[in-house]
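For reference, the chains in residue letters:
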Amino acid sequence: MIAANAPNTCQLLMGNEAIARGALEAGIGVAAAYPGNPSSEIIGTLAQAAKELKIYVEWSVNEKVALEVAAAASFANIRAISAMKQNGLNVALDFLANLNLTGVKSGLVLVVSDDPGSISSTNEQDSRHVAKTLDLPLLEPATPQEAKDMTRWAFELSEEIANACLVRSVTRISHARGNVTLGKLPDGEKRARFDISRPPYASIAATTPVKFHEKLHQTLSRVSEIYERSSFNWFVGPKQPELLIITCGSGWFYSKEAVDILSKEDSIGILKLGTTWPLPRALIERYLLQTKKVLVIEEIDAFLETNLKELSADLASGKTWTFYGKASGHIPPCGEINPNVVIKAIAEIVKVNYVSRGADYHEKSRKIVEENIFPRGLQFCAGCPHRTSFWAIKDALRMDGREGLVLGDIGCYSMGLMSTGFSQIKTVHAMGSGMGIASGLGKVSSFGFNQPVIAVCGDSTFFHAVIPALINAIHSQSDFILVVLDNAGTAMTGFQPHPGTDMNAIGASSPPVNIEKLCQALGVKVIVADAYDVKETTQKLVDLLRDEGKPRVLISRRECALIRAKREKPLYKVQINPDRCIGETCGCERFCTRVFKCPGLIWDKNTKKAKIDEAVCSGCGVCVEICSQSAIVREANE
Amino acid sequence: MSDHGRDPLNLIITGVGGQGNILISKLLGEVMLEAGYWVTIGETYGASQRGGSVASHVRVSKRTQYGPLIPEGQAGLILGLEPVESLRMLGTYGSPETDVITNIRPVYPMAVAIGEAEYPSLETIKEGIRKLSHEAWYLDASEIAIGLGAPLLANMVMAGALIGSRLIPVEEEKFKGKLKMNFEKDRLSLNLRAFSLGVSAMREQRKTFQSERSRKTTARKK
């Protein structure tokens, strides 16, 4: 569907699909990324179209490599796109902070999807600062249609200035669906060739990097000129608005609706900017001069707000403005915004009263919700091998008895922090950081540190960023255990393949990189365990805990229960033997449901006994081992 | 635009991760887009694959494209695949004008499943919904789906109920056509049956409701 050459037809596309479609309409040949929400569907969508449109799409080992793969295509005269979340941009930043100096050949677009409100992230970070830091052009789509059109145009801009172009999305753009009118898909064959007669792509070639930096500043002035005429900037409202809202990205719809709900179309104007770095100075000046009050609406940091203030201070008119926004406290300084945040800010500034619904309804609903509704906490799925791995880790550390600790990483298994993973994890930072911290903790023994250290990482994370830290630990002979929670895919972001799986992004077979062989080649002791065999995994961990003084690796292996369930029927039919479960008289105090906490295993309030929820149970059969009365029974499915 | 003539039509389809509300909001959205509407769907979900609250904000208009989040108190209609989730959405997006169609089968949150918290009784939930809504309709969609041998089809039953309610501008046949394009033959017939059972269950309720209402009106006139 995304590959349909059906110009002028309208489709309901998710922002990420629209971005992918824009890239296809721009005639890309290569797309590369490492998955990360809310950006994952961009490359996922392109992967679906790869065979039909004869483009190359890959899930790279990490974001830096992904951007390098995309840049390579650009150097060889093929348009390319890379996409990542804000944390991914940090990984790719070292390359990007040199690429901006060398420039590119064919259009290269980097899409970054930020996550205001940290809905699926460990941090809240505004990627737009990178555009300013690196002097690269920035575009921010505000609608699904614009997500497509802007991405397509970004390739033209990239070629016009021979440099990379950044497109910044946010969750509510990437994950919102809307009407998108398609454009034409280009035809014509692509020919890749690296021109060896041109100057090298290197900032230290012939002259100093400073010369390249200088040129970059000149280029940016040119971009500013181009932005003055951009159709991605528009204004709605009266000629001389009492209040001028300047907004970008997700702020456009919220601002428009807020003005509409408050019936202030006659007195409030909205200047919507799609080109947010460098700013189109003359255009902004024109609208600023028509008002005295400015409200800036944007997500995460006061990026646009600060740049607008800076720009206004430079304007020759000598005029001053009252700016409202994050700095004035009218918009929250962090977290996600929504239409109500904008309504409230406007109502306060123009001094009108707004109630969304009667005060009595508001109070009534608050009370009813408070009394009856509780949050649905995050938990491992039924049959998740991470639950059983953390169970084994918990038991092994308890048996060891020296206050051992677990260092976490990024993936579903970050939930090892919470009760669903028995609150084992003590640190979580960036991809691979658990391993790096383990490498350091394992070396402070000379200061009296004698607690066992276990770092956990997923299989995809292992390839992404753990390997260098592991090598560091081998080199320093640090004392710890690395547990690789190998569930055969990048589960958290939608089961994307990685170098350890036998298939690539476009479904072709690829030779899997073997984690244990790789560790063995590094000279580190490696043990493999079945995550569902809790007793054996625990014993292997206990043995490894005693084998001190060097790095050791345990691979706790089991395919993600969700992936497995798509293909095969459950391993077991699990049931509670009601004669053996003696309920609250047992003395275990509901051990199975209270501690093991598998959603397939529930406490029946009426019978006061454990019960299997057949609609949820994945049939892994592991819970059979945790009941002291052997009341949980399993029967192998044929 | 609909029986209620609301523009934009602000519909929330809510439930728990894994219940399939994102799929039905997408299919409904596509049908309405093909019928010439501006459609926006904002999907709100957290990091959880399963078990977390998931809501789709579906916004439909003849005039313009709306943003992906419905403002507080502006939901016209809530379709709930899980009763407490319907109540949760009313708490933020409801008003005395909001209609509710909800499945009555609970999906227990972890605290309830492990015996540490009590799930509110159906009577309590209904009482809460009654206080916070305009009209409310209750279906045991999960029971209907289990009757078909596939509890996961509760989402299709609820899609049927929604279309059967005639509160949104989607024709039954158009939605069936959409299902035919989206499902392989082996799964299609079951999905179609679940959908049709939802449509008829809702029609039945509306008939009873209307006859009760006309009885009341007649009684008042006397």
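Residues numbered from 1 in each chain as written. Chains lettered and ligands numbered in written order. Predicted model: local features only at pLDDT ≥ 70, side-chain atom pairs only at ≥ 80, totals over all residues.

Turning to the overall build of chain B, a few remarks are in order. Along the backbone of chain B there are eight helices and six strands. The order of α-helices and β-strands along chain B, N terminus first, is β-α-β-β-β-α-β-α-α-β-α-α-α-α. Against the compact-globule benchmark of 17 Å for 222 residues, chain B has a radius of gyration of 17 Å, which places it among compact chains. Taken along the three principal axes of its C-alpha coordinates, chain B extends 55 × 45 × 35 Å. Here chain B, with 222 residues, has 54% of them falling under the buried criterion. A sequence separation of at least 24 residues applies to 66% of the contacts in chain B between residues at least 6 apart. (Helix = DSSP H or I, 4+ residues; strand = E, 2+ residues; numbered from the N terminus. Rg over C-alpha atoms; globule rule 2.2 N^0.38 Å. Buried ≥ 20, exposed ≤ 12 C-beta atoms within 10 Å, placed from the backbone. Contact = placed C-beta atoms within 7 Å.)

Of the regular secondary structure elements, chain A holds 20 helices and 24 strands. For chain A, the C-alpha radius of gyration of 28 Å lies close to 26 Å, the compact-globule estimate for 638 residues. Overall, the C-alpha framework of chain A stretches about 80 × 75 × 60 Å when taken along its three principal axes. By the burial criterion, 52% of the 638 residues in chain A qualify as buried. Look at the contacts in chain A between residues 6 or more apart in sequence, and 79% of them connect residues 24 or more apart.

Attention now goes to the environment of B:Gly42. Locating B:Gly42 in the fold gives a position in strand 2 (residues 38-44). Expressed as a C-alpha distance, the spacing of B:Gly42 and B:Ala55, which sit 13 residues apart in the sequence, is 8.3 Å. Every residue in contact with B:Gly42, bar those within four places of it in the chain, is listed here: A:Arg172, A:Ala176, B:His57, B:Pro68 and B:Leu69.

Within a beta sheet, neighbouring strands are joined by backbone hydrogen bonds and run either parallel or antiparallel to one another. Residues and elements named next belong to chain A. Spatially, the six strands line up as an open sheet ordered 16-15-17-18-20-19, and their pairing is parallel. Where the open sheet ends on each side, the last strands, each with one partner, are strand 16 (425-427) and strand 19 (525-530). Within the sheet, the average angular offset between the axes of one strand and its neighbour, ignoring direction, is 30°. Bridge analysis of strand 15 (residues 405-407) against strand 17 (residues 453-458) gives three bridges, and the strand direction is parallel. Counterpart to Leu-405 in the pairing with strand 17 is Val-453. Packed on one face of the sheet, helix 15 (residues 433-441) meets strand 15, strand 16, strand 17 and strand 18 (480-486) and runs near 165° to strand 17. Across the sheet, helix 18 (residues 534-546) touches strand 18, strand 19 and strand 20 (551-557), and the angle it forms with strand 19 is around 160°. (Pairing = 2+ DSSP bridges. Axes fitted to C-alpha atoms, helices over the stretch in contact; angles between N-to-C directions.)

By themselves, these are just geometric observations and shouldn't be taken as functional.
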